[in-house]
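Analysis of the macromolecular model
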Amino acid sequence: MSARVIDGKAFALALRERVAAAVPAFRAATGRVPGLSVVIVGEDAASQVYVRSKGKATEAAGMASVTHRLPADTTQAELLALVAALNADEAVDGILVQLPLPRHIDESAVIAAIDPDKDVDGFHVVNAGRLAAGLPGLVPCTPLGCVMLLEDVLGDLAGLDAVVIGRSNIVGKPMAQLLTARSCTVTLAHSRTRDLPAVCRRADILVAAVGRPEMVKADWVKPGATVIDVGINRIDDGAGGTKLVGDVDFAGLSEVAGAITPVPGGVGPMTIAVLLRNTLVAAHLRAGLAPPAGL
Ligand code: NDP
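So, here's what we can say about the structure.

Take the overall build of the protein next. Counting its regular elements, the protein contains 10 helices and 11 strands. Here the protein holds 295 residues, and 47% of them are scored as buried. Entry remark: accessible area of the protein is about 13200 Å², with carbon and sulfur atoms responsible for 55%.

Structure below.
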């Protein structure tokens, strides 16, 4: 069997186009465009790349993007003062503080300071609580993007057995909650799970969010299962360079799974597309408008 390769890049592009298409109606209703403020502290190279892409994608969607670049020695108090100013700024609908922050800054204190209604990353405990309680709120971008891909491939997810490997607050846990909300029977696996291959073999939907290159092997997967690979790992390519791989053995699983996301080009592009979607949704809710349908 040869699995369908899920084209996250194309799906993300279409979502970005739907977001961009909805901006003019928001502007007509409010007299302004949705605004995203991204805050980056320090010079982490990967973070700089992510932040640049987020800014470009926001502008390409017709929204306002402001990036605040702070030096690595910024104090926690200075960062909290900036977050407070962004909370109070009516033109700002979304606030994203790029992680990781330098060690001397307490990430959870900074996330807690963001207005939950502007928390487009969905990391604030209020939004985590809303998700856990089944209430509307802003949902973390990566897992929401994974669910969008799953629904595109499978339609209604109700009744399916889902296994999520990884229980982080930004991917695994919200992923499990989103699948539960769609009436999947969910197992949340982690480093202490016993006989992980056997647990994975039960899954109609297998989501790997571990951070271990190609850990999930072909014989862990039920034939025909849908596999979502969240992992992004840079490894030696054996020819003096490096390459990106996911948390699953893509070549091996492609022979067994029904559908599978590649790395790169699967989940990765969805994260930024959903960030734009969350910014648009936050802008509508803050303006007392219903978010556009189909997002
Ligand atoms: P974390 O390191 O926060 O969490 C990893 C999880 O995997 C933990 O719950 C850990 O278990 C579990 N785990 C580690 N080793 C094993 C093992 N041998 N068997 C079973 N479970 C294990 O990672 P994140 O959730 O932040 O990220 C996961 C991956 O997704 C990374 O590769 C990251 O780069 C990628 N990522 C990709 C994004 C995208 O846009 N595509 C966005 C965010 C992340 P325990 O809790 O027991 O320690």
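Past the structure itself, the notes keep going.
What follows concerns the site of the ligand. Lining the immediate environment of the ligand, one finds 22 residues, of which Arg167, Ser168, Ser191, Arg212 and Thr271 sit closest. At a separation of 2.5 Å, an oxygen atom of the ligand approaches a polar side-chain atom of Ser191. The contact in question runs from an oxygen atom of the ligand to an N or O atom on the backbone of Ile232, over 3.1 Å. Against a free-state accessible area of 930 Å², the protein chains account for coverage of 70% of the ligand. Split by residue class, the shell around the ligand holds 10 nonpolar, 10 polar and two charged.

This part takes up the nonpolar core. Formed by 51 residues in total, the largest nonpolar core has its most connected members in Leu15, Val19, Met175, Leu179, Ile228, Val230 and Met270. Breaking this core down by element, the ones donating at least two residues are α1 (8–30), β2 (35–41), α2 (45–60), α6 (141–154), β5 (161–165), α7 (172–181), β7 (205–208) and α10 (268–286). Sorting elements by how many residues they give to this core places α10 first, with nine residues. Each of domain 1 (30–118) and domain 2 (141–268) gives at least three residues to this core. Residue contacts for Ile228: discarding those within four places in its chain leaves Ile6, Cys146, Leu149, Leu150, Leu206, Val207, Ala208, Thr261 and Val267. Core analysis: the second largest hydrophobic core is formed by 20 residues, Ile165, Ala208, Val227 and Ala257 among them.

Turning to unusual backbone geometry, a few remarks are in order. For the peptide bond that leads from Leu99 to Pro100, omega is 0 degrees, which places it in the cis range. Secondary-structure assignment places Pro100 in the loop between β4 (94–97) and α4 (107–113). The omega angle of the peptide bond from Val263 to Pro264 is 0 degrees, so this bond is cis rather than trans. Relative to the assigned elements, Pro264 resides in the loop between β11 (259–260) and α10. Even without being glycine, Ser183 reaches a positive phi, approximately 65 degrees. Examined against the element boundaries, Ser183 turns out to sit in the loop between α7 and β6 (185–189). A positive phi angle, close to 50 degrees, is found at Glu214, a residue other than glycine. With respect to the helices and strands, the residue Glu214 is situated in the loop between β7 and β8 (226–229).

A few words now on the sheet that holds β6. Read across the sheet, six strands follow the order β1-β11-β8-β7-β5-β6 without closing on themselves; strand pairing throughout is parallel. What marks the edges here is a single partner per strand, and that holds for β1 (4–5) and β6. With two bridges joining them, β8 and β11 adopt parallel strand pairing. When the bridges of β11 are listed, Thr226 appears paired with Ala259. Each of β1, β7, β8 and β11 touches α6; the most contacted strand, β8, lies at about 160 degrees to it. Sheet strands in contact with α7 are β5, β6 and β7, and its direction is about 170 degrees off that of β6.

At their nearest, the axes of α6 and α7 sit 9 Å apart, and the two run at 40 degrees to each other. In terms of axis orientation, α6 runs oblique to α7. In terms of crossing hand, the pair formed by α6 and α7 is right-handed. Counted together, Pro143, Leu144, Cys146, Val147 and Leu150 of α6 and Pro174, Met175, Leu178 and Leu179 of α7 form the full contact between these two elements.

It is worth spelling out the pairing of β4 at this point. Burial along β4 is two-sided: Gly94 and Leu96 facing one way and Ile95 and Val97 facing the other are all buried. Sheet topology places β2 next to β4; four bridges connect them, and they run parallel. Note that in β4 the partner of Leu36 across the bridge is Gly94.

What counts and what doesn't
- Residues numbered from 1 in each chain as written.
- Predicted model: local features only at pLDDT ≥ 70, side-chain atom pairs only at ≥ 80, totals over all residues.
- Heavy atoms only, no water.
- Helix = DSSP H or I, 4+ residues; strand = E, 2+ residues; numbered from the N terminus.
- Buried < 20%, exposed > 50% of the residue type's maximum accessible area, 1.4 Å probe, protein only.
- Areas by Shrake-Rupley, 256 points an atom, 1.4 Å probe, with all protein chains shown as cover.
- Near = heavy atom within 4 Å.
- Polar contact = N/O pair within 3.5 Å; in protein donor to acceptor, adjacent residues only side chain to side chain.
- Nonpolar A, V, L, I, M, F, W, Y, C, P; charged D, E, K, R; others polar.
- Core = buried A, V, L, I, M, F, W, Y, C linked by side-chain atoms within 4.5 Å.
- Domains from an automatic or database assignment.
- Contact = heavy atoms within 4.5 Å.
- Pairing = 2+ DSSP bridges.
- Axes fitted to C-alpha atoms, helices over the stretch in contact; angles between N-to-C directions.
- Parallel < 35°, antiparallel > 145°, perpendicular 65-115°, else oblique.
- Left-handed = near helix turned anticlockwise from the far one by under 90°.

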